[in-house]
Amino acid sequence: MTAGQWWRDAVVYQVYIRSFADGDGDGLGDIAGLRSRLGYLSELGVDAIWITPWYPSPMHDAGYDVADHRGIEPTYGTLTQAEALVTEAHRRGLRLLLDLVPNHTSSAHPWFRAAWEATPGSPERQRYIFRPALGDGPPNDWRSEFGGPAWSRAGGDEWYLHLFDREQPDLNWDHAEVRADFERTLRFWFDRGIDGFRIDVAPALAKDPALSDLGGDWTSRGPRPGSAVSGDHPYWDRSEIHELYRSWRELADSYDPPRVFVAEAWVDGPERLAPYVRPDELHLAFNFDFLACPWLAPALRTVIDQTLAVHGSVGAAPSWVLSNHDVARTVSRFARPQSDRPVRVLAELVGIEADAAVGEARARAAALLMLALPGGATLYQGEELGLPEVEDLPDHARADPIFERSGRLDPGRDGCRIPLPWDGAEPPYGFSTGRVTWLPQPAGWASRAASAQAADAGSVLSLYRRALRIRREHPALGDGSMEWHRSDHGVLSFSRLPGFHCVVNVSGAPQPVPPGCDVLLASGPLAAGGMIPPDTSVWLSTDGAPR
Ligand code: GLC
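Residues numbered from 1 in each chain as written. Predicted model: local features only at pLDDT ≥ 70, side-chain atom pairs only at ≥ 80, totals over all residues. Heavy atoms only, no water.

Summed over all chains, the structure comprises 32 aromatic pairs. Between the aromatic rings of tryptophan 6 and tryptophan 7, the centroid separation amounts to 6.4 Å while the plane-to-plane angle is 85°, which identifies the pairing as edge-to-face. Judged on exposure class, the residue tryptophan 6 and its partner tryptophan 7 are both buried. Measuring from ring centre to ring centre gives 6.0 Å for tyrosine 13 and phenylalanine 20, while their planes differ by 75°; the resulting arrangement is edge-to-face. Judged by its relative accessible area of 0%, phenylalanine 20 is buried. Site record: aromatic cluster; members linked through ring pairs are Trp173, Phe182, Phe190, Phe197, Tyr245, Trp248, Tyr255, Phe261 and Tyr276. Looking at arginine 18, its charged tip hangs above the ring of tryptophan 438, at a distance of 4.1 Å from the centre. The ring of phenylalanine 403 is capped by arginine 398, whose NZ or CZ atom sits 5.5 Å from the centre of that ring. (Phe/Tyr/Trp six-rings, centres within 6.5 Å; stacked < 30°, edge-to-face > 60°. Buried < 20%, exposed > 50% of the residue type's maximum accessible area, 1.4 Å probe, protein only. Lys NZ or Arg CZ within 6 Å of the ring centre and 35° of its normal.)

Read across the sheet, three strands follow the order 4-6-5 without closing on themselves; strand pairing throughout is antiparallel. In this open sheet, the two strands that pair with only one neighbour each are strand 4 (130–132) and strand 5 (151–154). Here the average twist between neighbouring strands, direction ignored, is 35°. Note that strand 4 and strand 6 (residues 158–161) share three bridges and pair antiparallel. When the sheet's bridge partners are listed, proline 132 is paired in strand 6 with glutamate 158. (Pairing = 2+ DSSP bridges. Helix = DSSP H or I, 4+ residues; strand = E, 2+ residues; numbered from the N terminus. Axes fitted to C-alpha atoms, helices over the stretch in contact; angles between N-to-C directions.)

Next up on the list: the environment of phenylalanine 494. By the element assignment, phenylalanine 494 lies in strand 13 (residues 491–496). Considered as a pair, phenylalanine 494 and leucine 44 are 450 residues apart in the sequence and their alpha carbons are 26 Å apart.

What follows deals with the packing of helix 13 (residues 356–372) against helix 16 (residues 460–473). Interaxial distance between helix 13 and helix 16 falls to 10 Å at its minimum, and their mutual angle equals 10°. Here helix 13 lies roughly parallel to helix 16, going by the angle between them. Here Glu360, Arg364, Ala367, Leu368 and Leu371 of helix 13 lie close against helix 16, whose contacting residues are Val460, Leu463, Tyr464, Ala467, Leu468 and Arg471. (Parallel < 35°, antiparallel > 145°, perpendicular 65-115°, else oblique. Contact = heavy atoms within 4.5 Å.)

Bringing the packing of helix 6 (residues 176–190) against helix 8 (residues 241–253) into the picture now. What describes two packed helices is the angle between their axes and the distance between those same axes. Where helix 6 contacts helix 8, the axes come no closer than 11 Å and their chain directions differ by 30°. When the interaxial angle is binned, helix 6 and helix 8 end up roughly parallel. Here the hand of the crossing between helix 6 and helix 8 comes out right-handed. Contact with helix 6, carried on its side by Arg179, Phe182, Glu183, Leu186, Arg187 and Phe190, involves Glu243, Leu244, Trp248, Leu251 and Ala252 of helix 8 and no other residues of that element. Partitioned by chemical class, the residues of the contact of helix 6 with helix 8 number seven nonpolar, no polar and four charged. (Left-handed = near helix turned anticlockwise from the far one by under 90°. Nonpolar A, V, L, I, M, F, W, Y, C, P; charged D, E, K, R; others polar.)

Let us now look at the pairing of strand 13. Counting buried residues along strand 13, six of its six residues qualify, which places the element largely inside the surrounding structure. On strand 13, burial covers both faces: Val491, Ser493 and Ser495 on one face and Leu492, Phe494 and Arg496 on the other are all buried. Bridge count for strand 12 (residues 483–484) against strand 13 is two bridges, and the pairing is antiparallel. For tryptophan 484, the partnering residue across the bridge sits in strand 13 and is phenylalanine 494. Linking strand 12 to strand 13, which pair antiparallel, is a turn of six residues; within it glycine 490 sits at a positive phi near 85°. The pairing of strand 13 with strand 14 (residues 500–505) spans six bridges and is antiparallel. For serine 493, the partnering residue across the bridge sits in strand 14 and is valine 503.

Let us look at the environment of isoleucine 199. Within the fold, isoleucine 199 resides in strand 7 (residues 196–199). Given a relative accessible area of 0%, isoleucine 199 falls into the buried group. Placed 179 residues apart in sequence, isoleucine 199 and threonine 378 show a C-alpha to C-alpha distance of 14 Å. Isoleucine 199 has contacts with Leu100, Pro102, Tyr245, Trp248, Phe261, Val262, Ala263, Glu264 and Leu282, leaving out every residue within four places of it along the chain.

Glancing now at helix 4 (residues 110–117). What helix 4 keeps buried is the set Trp111, Phe112 and Ala115. For helix 4, the angular spread of buried residues about the axis comes to 90°, placing them on one side. Exposed and facing more than 90 degrees away from the buried side of helix 4 are Pro110, Arg113 and Glu117. Here the buried face of helix 4 lies against helix 5 (123–126), strand 4, strand 6 and helix 6. (Arc of directions from axis to C-beta.)

Here the focus is the confidence of the model for the chain. Taken over all residues, the pLDDT of the chain has a mean of 95, while the share at 70 or more is 96%. Summarising per-element confidence for the chain, the mean pLDDT is lowest in helix 7 (residues 226–230) (51) and highest in strand 1 (residues 11–15) (99). (pLDDT = per-residue confidence, 0-100.)

Before going further, it helps to examine the sheet that holds strand 13. The strand order across the open sheet built from five strands is 12-13-14-16-15, with neighbouring strands paired in antiparallel fashion. Every other strand in the sheet has two partners, leaving strand 12 and strand 15 (518–522) as the edge strands with one partner each. In this fold helix 11 (residues 297–314) packs onto strand 12 and strand 13, with an angle of close to 35° to the strand it touches most, strand 13. Of the strands in this sheet, strand 15 and strand 16 (536–541) are in contact with helix 16, which crosses strand 15 at around 130°.

Between its first and last C-alpha, helix 3 (residues 79–91) extends 18 Å over 13 residues, near the 18 Å set by a 1.5 Å rise per residue. Taken together, the buried positions of helix 3 are occupied by Ala82, Leu85, Val86, Glu88 and Ala89. On its buried face, helix 3 sits against helix 1 (31–36), helix 2 (38–44), strand 2 (48–51) and strand 3 (95–100). Directly beyond the C-terminal end of helix 3, a positive phi value near 80° is found at glycine 93. (Expected span 1.5 Å × (residues − 1).)

Residue proline 257 is reached from aspartate 256 by a cis peptide bond, and omega for that bond is -5°. Note on placement: proline 257 falls in the loop between helix 8 and strand 8 (260–263). Backbone torsion omega between leucine 497 and proline 498 reads 0°, so that peptide bond is classified as cis. Note that proline 498 resides in the loop between strand 13 and strand 14. Of note, the phi angle at valine 201 is positive, near 35°, even though the residue is not glycine. The residue valine 201 is located in the loop between strand 7 and helix 7 in this model.

This is how it looks when you write it as C-alpha cells:
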C-alpha cells in the first residue's frame, strides 16, 4: 500500500443518520444517537464512517434535498454537536466522511426561493436550469430518476429541471457562483476536520447546454444506450465533469492530511468508472457492478476481473460495496433465484419467491468475498446485522418520493431504511426512547438486534467483527493484488500473499478445503469432513502449506 493513503483499503461504514440511533426520543436518528453508538462502530472494526446528509432540509428526499450546505438539520442536532462528534470519532481512530449533494439543492434553498420569485432571464434563475416552455409542455423529454417528467412549471412560462424530485432543482454547474459556493462548502467542513466527502450522483452535474432530447424510454440507472458510453449523453457521465473533480482534488490535496472523495457514480461499467478515479481526480468510486452482480460464479468473476484491470490501469484502489440506502438489502436480493440480470431495487424483487435462509447464507458468503478482495469496502448500516429488506411496509408509511412519483407502482427504497434494532424484544428495539419511529420497524427483529447478535458467536454481527479483525491484522488483506486458482465450476478460489486463500462456494455442491490450509474463518458451518457447503466462503491460512 502507498504510505499514508488510508482510503485504499479502508472499510467505511455508511451511517444513514435518520435510521441509525435516536438520542432525543423523536423517532428520528440524530447526532446524539450516533455519538452514543460510536463505541459499537469501533468494536465492529471499521476505519471510517460516512454520514448521509445531515444538513437543514425539508426532507422530501430524506435529506438529499439540502437547504443549507453549511448547517445542521435541527432535528439531527447542532453544529456544536457535529464538531464534538468529529473530535470523538477521531479520538477513537474513526475517520469521518460527509455526503456532498452538488447536483441539486432543495427547493427551500434561498437560491431557489429567489429564483422562484424572479423573472425569466434574471440572474437568480441562472444558478438553476430554467427554460421556456416548448409549446405548452416541458423544454425536452428528460425523465426524473424518480418517475415522471424531469421538469416542473415555474412562473413566467418557464420550467425548471429536476433530475430527481420536483423539490430538488438541478444547479447550473456552468455558473461561477455555484462553483465558488461549493468550494466554500468543502472548505467549511474540511476546516472542521472532516476527512472527506462522498459525492452524490457524481456523473450528473454536467448537462448538454443544448439540453437535447434523450429519445427512447430509459433512465440513467437502467440499461443505457451507446450514447452514455461515449460520454455525450445529454446529462449523464459527460466528459466535462472531470475538470470539476480535478479542481476539487487540488483543493482536497491542499489540506494536511489530504482530504478524500468517494464518487457515487452509477455508470456503464468499469471503463466509464475509471476516469473518475484517475490520480488527479477522485480517490474512490463505489463499485456498483459488484453490488448489482448476481450470486453466480462467472458473473462475480467477470466483475472482479474487470474491476481490478480497470482500476489498476489508473492506479486506483477498488471500493467494493454490497448495499446502500438506495438498493434492496443484500439478504433479500440473494434470497431470490439468481439470473444473469443485475438486480438492485425492491421493485425488481416483488412477487419473486424468497428463501430467507439461502439469502442470509449468500449474504454472509458475499461479505467474506468482498472483504478478501484487494482494495477497500463500504458497509451499509444493518448489513452487519443481516437485516432483510422490509417488503411489506403499509403504503401510508412510505416516505420515499419514488413511491408517489411512480404512481405508487414502485415501492421505493424505504424497506432498506428501517431504523436499526439495537436491543429489546419489540419495536423500537432500543433505537429510540420514544415509541414511534419515522418508519415502522417489523415485529420479529429481536434476534436481529445488535445486542442479541453480539452475544451470539454464530450471528452475522459476530462474523463481520471477526472478519474485520482478521482483515486488520492479516498482512495479505486490504490493498494489493490477488491470484485466481483453478477451481470447479461455480467456485471462486484465489490467494493473496502472504499466506491467504479464499474459497467461495457459489456452486450447488459441497467443495473440499484445499489441502494443507487452516480455516481462519468460515461464513457458515462447514459440512461433514470439513467440506465447504454451497453458499459458503472460507478464509484460509496457507502459511507453510504447499501451494
Ligand atoms: C443519490 C442518493 C439517493 C438520492 C439521490 C438524489 O443517488 O444516494 O438517495 O435520492 O442521489 O440526491
